[in-house]
Amino acid sequence: MLRAAGVGVGDEVVVPAFGNAEVAGAVALAGALPVFADIDPVTYCLDTAAVEAVLTARTAAVVVVHRFGRVADVAALRALGQRHGLLVLEQGESEAPYDEVAQRRERAAYLDARLRGVMVPDGGDGHTYQQYVVRVPGNGRPDRDAFARAVRAKGVDCRVPVKTPVHRLPEFRRCVSLPQTERAADETLALPVDAALTKRDMQRIVGACNALGGLLAPAF
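This text gives an overview of the structure that appears in the document. Since this is a predicted model, take the numbers as computed values, not measurements.

## Things to note about the overall build of the chain
For step 1, the next point in the chain: Helix and strand content of the chain: seven helices and six strands.
For step 2, the next point in the chain: Its helices and strands in sequence order give the chain the pattern β-α-β-α-β-α-β-α-β-α-α-β-α, from N to C terminus.
For step 3, the next point in the chain: Relative to the globule expectation of 17 Å for 220 residues, the C-alpha radius of gyration of the chain, 18 Å, shows essentially globular dimensions.
For step 4, the next point in the chain: Seen through its C-alpha atoms, the chain measures out along the principal axes to roughly 55 × 35 × 25 Å.
For step 5, the next point in the chain: The burial tally for the chain puts 46% of its 220 residues in the buried class.
For step 6, the next point in the chain: Across the chain, every contact between residues at least 6 apart in sequence was considered, and the portion connecting residues at least 24 apart equals 68%.
For step 7, the next point in the chain: Counting every atom, the chain has about 10700 Å² of accessible surface; 52% of that belongs to carbon and sulfur.
For step 8, the next point in the chain: Across the chain, 26 positive and 26 negative side-chain charges occur, with their mean positions spaced 6 Å apart.

Set out below in C-alpha cells:
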C-alpha cells in the first residue's frame, strides 16, 4: 500500500514502536524511513499529539496499528493526516467470531471485577480482548518479570506482550524519547481470557494474581 501510494526513498513514515517490527520493516522495504511516535497509555495505540510532534517536511504517511483488541483514535489521526496532507493507513487485528468475542468479554469482566494489585485494561470503545493486558505496578520490568514467573509457577499461562520496543532493536535503533512506550514495555502482562477457559481456570488466575499483587505498592 505504501508503494502504491508512491511512498519511497526520502520519505518518512510514522509508526508505533510498541509492538513487533513488522510495520517498521514494511516501511524500510518500501525504501522509506520509519519514524517512531509514542503511544496512548490507555489504548497502547499511537497518540495523536505524539504523532504530530514528530512530523517533518519529509513525512509522507502514518501507519496506525490497533492493539490487543482496542482500536486507535483513527478519526483524530485521519484529521491530522488531512491537515498535513498525509496518507493514513491502518493495520487491524484478525477478527474473531462474535460468539468468541462475547466469551472473551465475559471472562474479561470477571477478571476486571476480581483482580487486585494490578491495573486492569480499560474496556472502552468496543474492546474485543484479543489479549487481556494488565499493568503490574512497582519498579517496572523487574517487578513485572518476577510477577510473571510467580504466576506461571502457579499454573497460569501469561506472557509479556512486547518484550523489546522496536526503537530498541538493533536494526531500528533510534535515540528518541518514548516514555509511554518504554513504561508499557516494562509493566504490561497478558493474562488468558480464551473462550475455552472454565470458571475454575478463571478462579486460578485471580487467586494466583491476587496472592502476589497485594505485595506490590500501587504506582498508578
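## A short note on helix 5 (residues 141-153)
Since one α-helical turn is 3.6 residues long, residues separated by three or four positions face the same way.
For step 1, the next point in the chain: Between its first and last C-alpha, helix 5 extends 18 Å over 13 residues, near the 18 Å set by a 1.5 Å rise per residue.
For step 2, the next point in the chain: Looking at helix 5, one finds that the buried residues are R144, F147, A148 and V151. Projected onto a plane normal to the axis of helix 5, the buried residues spread over an arc of 100° and lie on a single side. Away from its buried face, by an angle of more than 90 degrees, helix 5 presents the exposed residues P142, R149 and A153.

## Describing the pattern of salt bridges
For step 1, the next point in the chain: In this structure the tally under the stated criterion is 11 salt bridges.
For step 2, the next point in the chain: In this structure, D122 engages R70 in a salt bridge whose closest nitrogen and oxygen atoms are separated by 3.2 Å. Of this pair, D122 sits in the loop between helix 4 (98-114) and strand 5 (132-135) while R70 sits in the loop between strand 3 (59-65) and helix 3 (74-84), and the two are 52 residues apart along the sequence.
For step 3, the next point in the chain: R78 serves as the salt-bridge partner of E90, at 3.1 Å between the closest nitrogen and oxygen. Of the two residues, E90 sits in strand 4 (residues 87-91) while R78 sits in helix 3, which places them 12 residues apart along the sequence.
For step 4, the next point in the chain: We classify E90 as partly exposed; its relative accessible area is 40%.
For step 5, the next point in the chain: One salt-bridge network, held together by shared partners, links R135, R183 and E187.

## Regarding the nonpolar core
For step 1, the next point in the chain: L111, L115, Y132, F147, L189, L191 and I205 are the most contacted members of the largest nonpolar core, which has 25 residues in total.
For step 2, the next point in the chain: Where this core is concerned, the elements lending two or more residues are helix 4, strand 5, helix 5, strand 6 (188-191) and helix 7 (199-213).
For step 3, the next point in the chain: By residue number, the principal contributor to this core is helix 7, which donates six residues.
For step 4, the next point in the chain: Excluding anything up to four places from it in sequence, Y132 contacts A108, L111, D112, L115, V120, P121, L189, A190, L191 and V193.
For step 5, the next point in the chain: In this structure, V15, V27, A30 and V65 belong to the second largest nonpolar core, which totals 19 residues.

Rules used in this analysis
Sequence positions are assigned chain by chain, starting from 1 and proceeding in written order. At least 70 in pLDDT is required for a residue's local features to be given in this predicted model, at least 80 for side-chain atom pairs to be given and counted, and no such filter applies to totals for whole chains, interfaces and linings, which use all residues. Excluded from the side-chain calculation are hydrogens and water; included are all heavy atoms of the structure. We count a stretch as a helix when DSSP gives it H or I for four or more residues in a row; a strand needs E for two or more, and each element gets its number in order from the N terminus. In this description the radius of gyration comes from C-alpha coordinates, and the expected globular size is given by 2.2 Å times residues to the power 0.38. Each residue gets one of three labels from its accessible area relative to the maximum for its type: buried under 20%, exposed over 50%, partly exposed in between, using a 1.4 Å probe on protein chains only. Throughout, a contact is declared for two residues whenever any of their heavy atoms are within 4.5 Å. For every accessible area listed, the method is Shrake-Rupley and the probe measures 1.4 Å; residues are considered covered only by the protein chains on display. His residues and chain termini do not enter the charge count, which takes Lys and Arg as positive and Asp and Glu as negative. Here the site of a charge means atom NZ of a Lys, CZ of an Arg, CG of an Asp or CD of a Glu. Working rule for helices: expected span equals 1.5 Å times residues minus one. What the arc describes is the spread of directions from the helix axis to the C-beta atoms. What makes a salt bridge here is a side-chain nitrogen of Lys or Arg within 4 Å of a carboxyl oxygen of Asp or Glu, nothing more. The definition of a nonpolar core used throughout is a set of buried Ala, Val, Leu, Ile, Met, Phe, Trp, Tyr and Cys residues joined through side-chain atoms within 4.5 Å.

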